[in-house]
Amino acid sequence: MKAFLLALSFLTIIPAYNKAAGEKEMADSLYFYPVVGFVIGGILVVISEIGRYLPLGLGADALIIAAWIVLTGGLHLDGLMDTADGLFSGKERQRKLEIMRDSRVGAMGVISLTVVLLLKFSFVAAFPYPDRIWVLLLAPVVGRCVMVYAISFYPYAREGSGLGRCFGENAGKNKFFAALTILLLGALAAGAGKALLFALAAVLLSMVIVKHIAGILGGLTGDTYGAVSEIAEAIFLIISLAGMAGYYAGYYII
C-alpha cells in the first residue's frame, strides 16, 4: 500500500504520501504506475459520463483534457515542452540537455504542447460511446507503462542530481514487465481483444520513440519520462480511433 500511495503522490496532485522516500521505495513504486493510470483514467471516465448526461457536448471533452492536465499538475506536459526544446534545438548533446533544464519555454516546446493537446482533444471528441469509456480508462495506463519502460531500460543521461535519478540503480526490467502485464490484463477486461491489441501497438510504437530519444541524448531524463508518457497517450488515442474506424467499416461492409 505504501508503494502505491507513493506512486499516486508522485504522479498526481493527490497528497497521498508525505514522507521522505529513498531510491528503493521510489523504484518499488514503479510497480504501481499503471494502477495510478487506472485511477486517472477512472476519473476521466466519470467526467465523460457526467458530460454525456447533462449534456455538455464538446465542453465535456474540454473538461476531460483539463482534468487530465490538472490531475498530473501539468508535470508531464512540462517535460514534453522541455524535451522538445532540447531535441529540436539543433545543438550538440550536452547543449540539448542544458536547454532541457532551462525553465524557460521555447517555440518548439509551445508547438509540441499545442499539437499534443489538439490531438488528445480531437481524438477524444471523435470517439463514440461506449468505446470512449475503455479508451479514456486505458490511455493514462499506457502512458505510465511506457514511462516505466523508459525508466527501467535506459540510463540517466545527466551527470549529477535530477528528478529522474531518484530511482537509483533499483529500477530493474521486471518492473516494466509487471506494468505491461497489468496494462494488458486491464485492457482485456475493459475493452476485450481490440483494446489489448491497440494498447500493445501503442506501447511498441512508443518504445521505438523512447529508443530514438535515448540515442540522441545518450540516455533519458525526468523531462523525457514525462514527454514519452504524453506521446504514448496520444499514440494510443490515434491508434484506437483508427483501429475502431477500420473495424466498424469492415463490420458494415460485411
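Relevant structure appears above.
Just so it is clear, the structure is predicted and the values come from calculations on it, not from any experiment.

Rules of the game
- Residues numbered from 1 in each chain as written.
- Predicted model: local features only at pLDDT ≥ 70, side-chain atom pairs only at ≥ 80, totals over all residues.
- Heavy atoms only, no water.
- Helix = DSSP H or I, 4+ residues; strand = E, 2+ residues; numbered from the N terminus.
- Rg over C-alpha atoms; globule rule 2.2 N^0.38 Å.
- Buried < 20%, exposed > 50% of the residue type's maximum accessible area, 1.4 Å probe, protein only.
- Contact = heavy atoms within 4.5 Å.
- Areas by Shrake-Rupley, 256 points an atom, 1.4 Å probe, with all protein chains shown as cover.
- Lys, Arg positive; Asp, Glu negative; His and termini not counted.
- Charge placed at Lys NZ, Arg CZ, Asp CG, Glu CD.
- Phe/Tyr/Trp six-rings, centres within 6.5 Å; stacked < 30°, edge-to-face > 60°.
- Core = buried A, V, L, I, M, F, W, Y, C linked by side-chain atoms within 4.5 Å.
- Polar contact = N/O pair within 3.5 Å; in protein donor to acceptor, adjacent residues only side chain to side chain.

A. Seen up close, the overall build of the chain. Across its full length, the chain holds 10 helices and 0 strands. Beginning at the N terminus, the succession of helices and strands in the chain can be written as α-α-α-α-α-α-α-α-α-α. Taken against the 2.2 N^0.38 rule, which gives 18 Å for 254 residues, the C-alpha radius of gyration of the chain at 18 Å falls within 12% of a compact globule. When the backbone C-alpha atoms are referred to their principal axes, the chain occupies close to 55 × 40 × 35 Å. Counting all 254 residues of the chain, 47% fall into the buried class. Looking at the chain alone, contacts between residues at least 24 apart form 78% of all its contacts between residues at least 6 apart. Accessible surface computed for the chain: about 11,500 Å², of which carbon and sulfur atoms make up 68%. Measuring between centres, the 19 positive side-chain charges of the chain sit 3 Å from its 17 negative side-chain charges.

B. How the structure looks around the packing of aromatic side chains. Enumeration over the complete set of coordinates arrives at 10 aromatic pairs. The interplanar angle of 70° and the centroid separation of 6.4 Å between the aromatic rings of Trp 134 and Phe 236 together place this pair among those described as edge-to-face. Of the two residues, Trp 134 sits in helix α8 (residues 131–153) while Phe 236 sits in helix α10 (residues 222–253), which places them 102 residues apart along the sequence. Residue classification places Trp 134 among the buried residues on the basis of a relative accessible area of 4%. Here Phe 236 falls in the buried class, since its relative accessible area comes to 0%.

C. Region of the structure containing the nonpolar core. In terms of nonpolar packing, the biggest core is built from 62 residues, with Trp 68 and Phe 236 touching the most fellow members. For this core, the elements supplying multiple residues, two or more each, are α1 (2–11), α3 (33–53), α4 (58–71), α6 (93–101), α7 (107–126), α8, α9 (173–217) and α10. A per-element tally of this core places α9 first, with 15 residues. Sequence-distant contacts of Phe 236, defined by excluding residues within four places in its chain, comprise Trp 134, Val 135, Leu 138, Ala 139, Val 142, Ala 195, Phe 198, Ala 199 and Ala 202.

D. The arrangement of unusual backbone geometry in detail. For the bond running from Tyr 129 to Pro 130, omega is 0°, close enough to zero to count as cis. Within the element layout of this structure, Pro 130 appears in the loop between α7 and α8.

E. Summary view of the side chain of Asp 61. Considering the arrangement of structural elements, one finds Asp 61 in helix α4. A distance of 3.0 Å separates the side chain of Asp 61 from the side chain of Arg 132, its partner in a polar contact. Apart from residues lying up to four places away in sequence, Asp 61 is in contact with Phe 121, Val 124, Ala 125 and Arg 132.

Note that all results are geometric; they support no functional claim without further evidence.
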